[in-house]
Amino acid sequence: MIAKLTGRLDSSGAGHAVIDVGGVGYLVEASARTLDALGAIGGDVTIHTEMLVGEDFLRLLGFARAEERDWFRLLTSVQGVGAKVALAILSALEIGDLQRALASSDSAMIARANGVGPKLAQRITHELKDKAGGLGPIVGGSSPSSATTPGPLADAVTALTGLGFKPGEASSAVAAANEELGAGATLDALVRVALKKVAK
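Note that residues are indexed from 1 along each chain, following the sequence as it is written. Side-chain atom pairs in this predicted model are given and counted only at pLDDT of 80 or more, local residue features only at pLDDT of at least 70, and totals for whole chains, interfaces and linings cover all residues. To get the side-chain values, all heavy atoms of the structure are used, and hydrogens and water are removed first.

Naming follows an unreviewed UniProt entry, where the chain appears as Holliday junction branch migration complex subunit RuvA of Sphingopyxis lindanitolerans. UniProt positions are given in the numbering used here, feature names are shortened, and annotations may be inferred rather than shown by experiment. Under the heading Subcellular location (unreviewed entry), UniProt records this for the chain: "Cytoplasm". Under the Sequence similarities (unreviewed entry) heading, UniProt states for the chain: "Belongs to the RuvA family."

Engineer: Can you walk me through the pairing of strand 2 (residues 15-21) in this structure?
Structural biologist: Consecutive side chains along a regular strand alternate between the two faces of the sheet. Any two strands are treated as partners once DSSP identifies two or more bridges connecting them. Counting from the N terminus, the helices are DSSP H or I runs at least four residues long and the strands are E runs at least two residues long. Looking at chain direction, strand 2 and strand 3 (residues 24-30) are connected through seven bridges and run antiparallel. Looking at strand 3, one finds that Ala 17 is bridged to Val 28. Joining the antiparallel neighbours strand 2 and strand 3 is a turn of two residues, in which Gly 22 adopts a positive phi near 60 degrees.

Engineer: Would you mind showing me how to read the UniProt feature "domain: Helix-hairpin-helix DNA-binding motif class" (unreviewed entry) in the chain here?
Structural biologist: UniProt marks residues 73-92 and 108-127 with the feature "domain: Helix-hairpin-helix DNA-binding motif class" (unreviewed entry), using the numbering shown here. Along residues 73-92, the helical share is 65% and the strand share 0%, with 17 Å between the first and last C-alpha atoms. Annotation note: span residues 108-127, helix share 65%, strand share 0%, distance between end C-alpha atoms 15 Å.

Engineer: Sorry, what's going on with the packing of aromatic side chains here?
Structural biologist: Within a pair of aromatic rings, the relevant descriptors are the distance that separates the centres and the angle that separates the planes. Side-chain rings of Phe, Tyr and Trp (the six-membered ring for Trp) are treated as a pair once their centres are within 6.5 Å; stacked means planes under 30 degrees apart, edge-to-face means over 60, and tilted covers the remaining angles. Scanning the entire structure with this criterion turns up one aromatic pair. Residues Phe 63 and Phe 72 carry aromatic rings whose centres are separated by 5.2 Å and whose planes lie at 45 degrees to one another, so their mutual orientation is tilted. Residue Phe 63 shares its accessibility class with Phe 72, and that shared class is buried. Here the term buried applies to any residue with accessible area under 20% of the maximum for its type, exposed to any over 50%, and partly exposed to those in between, with areas from a 1.4 Å probe on protein chains only.

Engineer: Help me understand unusual backbone geometry, please; the structure alone is not making it clear to me.
Structural biologist: Peptide bonds are mostly trans, and most non-glycine residues show a negative phi. A positive phi angle, near 55 degrees, is found at Ser 105, a position not held by glycine. Tracing the backbone through its elements, the reader meets Ser 105 in the loop between helix 4 (95-103) and helix 5 (107-110).

Engineer: Please explain the nonpolar core as it appears in this structure.
Structural biologist: For soluble globular proteins, the rule of thumb is that nonpolar side chains tend to be buried together. Judged by nonpolar contacts, the single largest core of 29 residues is most densely connected at Phe 72, Leu 75, Ile 89, Leu 98, Ile 110 and Ile 124. Looking at this core, the elements with two or more residues in it are strand 6 (58-63), helix 2 (66-75), helix 3 (83-92), helix 4, helix 5 and helix 6 (118-128). In terms of residues, this core owes the most to one element, helix 3, which gives seven residues. Domain delimitation in this document rests on an assignment produced automatically or drawn from a domain database. In terms of domain composition, this core takes at least three residues from each of domain 1 (4-63) and domain 2 (66-133). Working definition of a nonpolar core: buried Ala, Val, Leu, Ile, Met, Phe, Trp, Tyr and Cys residues. They are joined through side-chain atoms within 4.5 Å. Counting 14 residues, the second largest nonpolar core, distinct from the first, contains Leu 160, Leu 190, Val 191 and Val 198.

Engineer: Sorry, what's going on with the confidence of the model for the chain here?
Structural biologist: Regions with low pLDDT should not have their predicted coordinates read in detail. On average, residues of the chain score 79 in pLDDT, and 82% of them reach the 70 mark or higher. Confidence, read as mean pLDDT per element, is least for strand 1 (residues 2-9) in the chain (60) and greatest for helix 6 (92). Contacts from residues 137-150, a stretch scored under 50 in pLDDT, to residues over four places away or in other chains number 25 contacts. Confidence per residue, as judged by the predictor, is encoded in pLDDT with a range of 0 to 100. Two residues qualify as a contact provided that any one of their heavy atoms is within 4.5 Å of a heavy atom in the partner residue.

Here it is in structure tokens:
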């Protein structure tokens with residue numbers, strides 16, 4: 001969404017931003033990196049959002065880049081990783097560093113994030129080592145120019161969440177579909193097979 005930044009809280013870590021959309025203020029949870037990327041208060045911002053809905057809560061999360069939102073969805077597909085932990089990981093590590101940590105099973109790097117103990121870090125690296133490649137090749141630096149464009153896997157996850165599936169459920173189904181179809185699978189094929197997976 002396109003909005004105006006009207007406030008920022010807890011900018012030293014994962015925190016919140018207040019954005020104005022057509023005169024309506026929204027409190028948005030975000031990683032420290034997104035908070036830093038939003039710029040000065042009063043400026044116009046474009047923010048990618050994710051809505052979390054529960055029996056007794058409604059939370060809006062914001063991301064400076066679609067890529068960060070895709071990684072949030074992937075992280076929360078791991079049992080024990082909620083929104084708070086996922087945002088802490090995205091605050092502590094650049095996406096390129098996170099990709100490299102997963103590719104090399106470096107759980108110690110994941111454990112740098114607040115609230116991530118050794119056991120949870122090991123579970124994250126174990127479960128996501130093979131899935132992470134679906135969000136693009138490993139990127140090298142921390143500058144915005146090094147960001148990758150989400151590939152068909154990320155687009156397929158977005159398509160499934162748009163149909164009402166939970167992010168974790170969608171990520172798992174798309175990963176399973178990718179394993180079945182192999183590299184080079186089209187978006188249509190991934191979505192079609194993933195829908196069969198979640199229907200079982």
